[in-house]
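Notes for the structure review
Given next are the chains, with one letter for each unit.
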Amino acid sequence: MSHVISPVFNEVITALKEEKVIAYPTEAVFGLGCDPDSENAVQELLALKNRSWEKGLILIADKYERLCTYIDDEQINDTQKETIFSSWPGPVTWVIPAKVTTPKWLTGKFSTLAVRVTDHPLVRQLCAIYEKPLVSTSANLSGLAPCRSVEEVRQQFGNRVPILGGEVGGRENPSEIRDALTGKLYRQG
């Protein structure tokens, strides 16, 4: 199926296909992301952030079905799914058991994966056009505040990453993170 891609998306889609890191607006801050199946791109992202692979990463998508390649859907019951789906699309990230086939460069030292169905319209469109979820981590160099504008991304990263221009969603804090099986809060939203 071929899409006529808006010029806004051309550069970032090309970068994703070329296994590069991109920046894009999310609900609260700009994110750095890449193709989750590209170990090279994930390694580049981790190097840019000076982040340990052991921490694991978040995947965001426009719909739940895109995440099912990576998470073990059968380990969450209907009540847990209802709770998850009631918060999506939106700024709540859920930690769900990962499939054994999910690469360690995504899960880090964990057997789980953090995932979110975003409600940011530009990122939803990007995932729909690319037909995959994206790795998502805040766009900032280690020790600096997360970027909230295209200008701030350029200040911190220069021309090292193509940027999907747009506004962040206006939330003050990065996404809340919860355990899908227990409901435990890992990070306040």
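Residues numbered from 1 in each chain as written. Predicted model: local features only at pLDDT ≥ 70, side-chain atom pairs only at ≥ 80, totals over all residues. Heavy atoms only, no water.

Quick word on the pattern of salt bridges
How we decide: Each reported salt bridge corresponds to a side-chain nitrogen of Lys or Arg within 4 Å of a carboxyl oxygen of Asp or Glu. Per-residue accessibility, obtained with a 1.4 Å probe over protein chains only, is compared with the maximum for each type, and a residue is labelled buried under 20%, exposed over 50%, and partly exposed between these values.
Counted according to the given criterion, the structure contains 7 salt bridges. A salt bridge links Asp73 to Lys81; its shortest N-O distance comes to 3.0 Å. Judged by its relative accessible area of 22%, Asp73 is partly exposed. When its relative accessible area of 18% is taken as the criterion, Lys81 is described as buried. Residues joined by salt bridges that share partners form a network here, namely Asp35, Asp37 and Lys132.

Brief notes about the pairing of strand E5 (residues 112-117)
Here is the rule we go by: The numbering of helices and of strands both runs from the N terminus, where a helix is a DSSP run of H or I of at least 4 residues and a strand a run of E of at least 2. Any two strands between which DSSP finds at least two bridges are classified as paired.
Burial analysis of E5 places 5 of its 6 residues in the buried class, which makes it a mostly covered element. Sheet analysis places strand E3 (residues 58-61) next to E5, joined by 4 bridges and oriented parallel. What sits directly across from Ile58, in E5, is Ala114. Looking at chain direction, strand E4 (residues 92-97) and E5 are connected through 4 bridges and run antiparallel.

What about unusual backbone geometry?
Across the junction of Trp88 and Pro89, the peptide omega takes the value -10°, indicating a cis bond. One non-glycine residue, Glu19, lies in the positive phi region at around 60°. If you check the backbone angles, Asn50 has positive phi at about 55° while not being a glycine. Inspection of the secondary structure puts Asn50 in the loop between helix H2 (39-49) and E3.

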